[in-house]
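# Descriptive structure summary
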Amino acid sequence: SFPTRRSSDLAIVLSSVQGEALACGNLGTMNLSQGDATTARACMERQLKLSSALHNAPAQAAALDGLGRLAQEEGDLSGARDCFEKARDIAKKGGAGDMAANAKVEVGMARGEEMFGSFVNQYAGVLMDGLDDEEEDDE
């Protein structure tokens, strides 16, 4: 949206690293919700870089959480889990208990999704093998 982009521009002009990190985070979240993964990733990675330089644990955790959600939407479940685990660890160390608890839930969900995907793939393989055996028996 125009106000969000304008706030990012203003933060850069004013040389406010903290303001730019905040604006990038908001832009990343907005673009993710609108389905623009490329812009969302660029904004969240910039937020992570700036918030890391500022040693701002809540902003780092938020950026990693956003990158995890993005990875999850793209089907990169291992990448999503890694981002959520990093977010959880940073939030814990930074004293952001609510964010750490949220990230812990995200880690569990990502692990569950990974395990379920693995189960489905294994089960599909067993079914396909069974169908191949039936076709051989019919011949």
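Here, every reference points to the structure presented above.
To keep things clear, this report deals only with the structure shown in the data block. Along every chain, residues carry numbers that run from 1 in the direction the sequence is written. Per-residue local features are limited, in this predicted model, to residues with pLDDT of at least 70; the limit for side-chain atom pairs, both in listing and counting, is 80 or more; totals at the level of whole chains, interfaces and linings are taken over all residues. To obtain the side-chain values, all non-hydrogen atoms of the structure were used and water was disregarded.

The next point concerns the nonpolar core. What is meant by a nonpolar core is a set of buried Ala, Val, Leu, Ile, Met, Phe, Trp, Tyr and Cys residues, joined one to another through side-chain atoms within 4.5 Å. Three exposure classes are used, based on accessible area relative to the maximum for each residue type with a 1.4 Å probe and protein chains only: buried under 20%, partly exposed in between, and exposed over 50%. Counting residues in each nonpolar core, the largest one holds 12 residues, listed as Leu32, Ala40, Met44, Leu48, Ala61, Ala63, Leu64, Leu67, Leu70, Cys83, Ala87 and Ala91. Helical segments are the DSSP runs of H or I of at least four residues, strand segments are the runs of E of at least two, and each set is numbered from the N terminus. Secondary structure elements with two or more residues in this core: helix 3 (37–53), helix 4 (57–73) and helix 5 (77–93). The element that contributes the greatest number of residues to this core is helix 4, accounting for 5 residues. Excluding residues within four positions of it along the chain, Met44 makes contact with Gly28, Thr29, Leu32, Ala63, Gly66 and Leu67. Every residue pair with non-hydrogen atoms within 4.5 Å of one another is taken to be in contact.

Right, let's talk about the pattern of salt bridges for a bit. Any Lys or Arg side-chain nitrogen found within 4 Å of a carboxyl oxygen on Asp or Glu counts as a salt bridge. Under the criterion given, the structure shown has 6 salt bridges. The shortest N-O distance in the salt bridge between Arg69 and Asp65 comes to 3.1 Å. Here the residue Arg69 and the residue Asp65 both occupy positions in helix 4, the gap between them amounting to 4 residues, near one helical turn. The partly exposed category is assigned to Arg69, whose relative accessible area is 28%. For the salt bridge of Arg81 with Glu85, the shortest nitrogen-to-oxygen distance reads 3.8 Å. Of the two residues, Arg81 and Glu85 are both situated in helix 5; the distance of 4 residues between them amounts to about one turn of the helix. Each of the two residues, Arg81 as well as Glu85, counts as buried. Three or more residues are tied together by salt bridges with common partners; here these are Arg81, Asp82 and Glu85.

Here the focus is the packing of helix 3 against helix 4. Only C-alpha atoms enter the line fits that serve as axes; for helices the fit covers just the stretch in contact. Angles between N-to-C directions range over 0 to 180 degrees. Between helix 3 and helix 4, whose axes approach to 8 Å, the crossing angle comes to 155°. Relative to helix 4, helix 3 is oriented roughly antiparallel. Here the hand of the crossing between helix 3 and helix 4 comes out left-handed. Judged by residue contacts, Ala37, Arg41, Met44, Glu45, Gln47, Leu48, Ser51 and Ser52 of helix 3 engage Ala59, Gln60, Ala62, Ala63, Leu64, Gly66, Leu67 and Leu70 from helix 4. Orientation categories follow fixed angle ranges, with anything under 35 degrees roughly parallel, anything over 145 roughly antiparallel, 65 to 115 roughly perpendicular, and all other angles oblique. For any helix crossing, the convention is left-handed if the near helix is rotated counterclockwise from the far helix by under a right angle, and right-handed if that rotation is clockwise.

Another aspect to go through is helix 5. The end-to-end C-alpha separation of helix 5 is 24 Å, in line with the 24 Å expected for 17 residues at 1.5 Å each. When we look at burial in helix 5, the residues that qualify are Leu77, Gly79, Ala80, Arg81, Cys83, Phe84, Glu85, Ala87, Arg88 and Ala91. Count one or two residues on from helix 5 and you reach Gly95, which has phi positive near 75°. Expected span, for any helix, means 1.5 Å times one less than how many residues it has.

The backbone of His55 shows a phi angle near 55°, a positive value even though the residue is not glycine. Relative to the helices and strands, His55 resides in the loop between helix 3 and helix 4.

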